[in-house]
Structure formats: C-alpha cells, structure tokens
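Fold and contact review
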Amino acid sequence: MEVILGYIAAICTTLSFLPQVLRVILTKQTRDISRNMYIFLSMGISLWLVYGILISNMPIILANSFTLVFVSTILIYKLKSEDPN
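A quick note: this is a predicted structure, and the numbers were derived from the prediction, not measured. (Residues numbered from 1 in each chain as written. Predicted model: local features only at pLDDT ≥ 70, side-chain atom pairs only at ≥ 80, totals over all residues. Heavy atoms only, no water.)

This part is about the pattern of salt bridges. In total, this model carries one salt bridge according to the counting rule given. Linking R31 and D32 is a salt bridge whose minimum nitrogen-to-oxygen distance equals 3.7 Å. (Salt bridge = Lys/Arg side-chain N within 4 Å of Asp/Glu carboxyl O.)

Take a look at the structure:
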C-alpha cells in the first residue's frame, strides 16, 4: 500500500509542473518566474533524486527524475531570457 501511495504522490507532484513547462515552451515568457526559486528547487530535486537512488525507492527516483527535467527546462528558458546587463 505504501508503494502505491508513493506512486500516486509522485504522479501528482510531477504532473503539477507540466502546465508551467508547456506554457514556458509555447510562449517563451519567463519574466514573472523567479530564477532563484528554480535554482534552489533544481538543487533540492537533485538531492531528492540522489536520496531515492541511495535508498532504492522507485517512486522517489521516478518522480524526481521527471520533475528535474521539467524544472531544468523552465530554468534554462529563464536563464536564456535574462538580460545580461
């Protein structure tokens, strides 16, 4: 039962980033997105991924792998759109 709950939680939290990723990709607008928040979020997700690997917990590994891809995509768009001045 715990594993099923883990997978359901993983699906919900991971899919929550999908609308933002699609919006950023389609509109290329990132002005109202916090760069620092996405930097720290990427670091936290990376650490959760390592933790999941260390304890061999597949829901944690899968959720954070996909979420890291989504969050990194948003962060890359944000960093590319910033004015260097």
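Our focus in this paragraph is the packing of aromatic side chains. Within this structure, the stated rule accounts for one aromatic pair. Between W48 and Y51, the ring centres sit 5.6 Å apart and the planes meet at 80°, which makes this aromatic pair edge-to-face. Of this pair, W48 and Y51 both sit in helix α3 (residues 35-54), three residues apart, which is roughly one turn of the helix. For W48, a relative accessible area of 49% gives the class partly exposed. The exposure class of Y51 is partly exposed, given its relative accessible area of 40%. (Phe/Tyr/Trp six-rings, centres within 6.5 Å; stacked < 30°, edge-to-face > 60°. Helix = DSSP H or I, 4+ residues; strand = E, 2+ residues; numbered from the N terminus. Buried < 20%, exposed > 50% of the residue type's maximum accessible area, 1.4 Å probe, protein only.)

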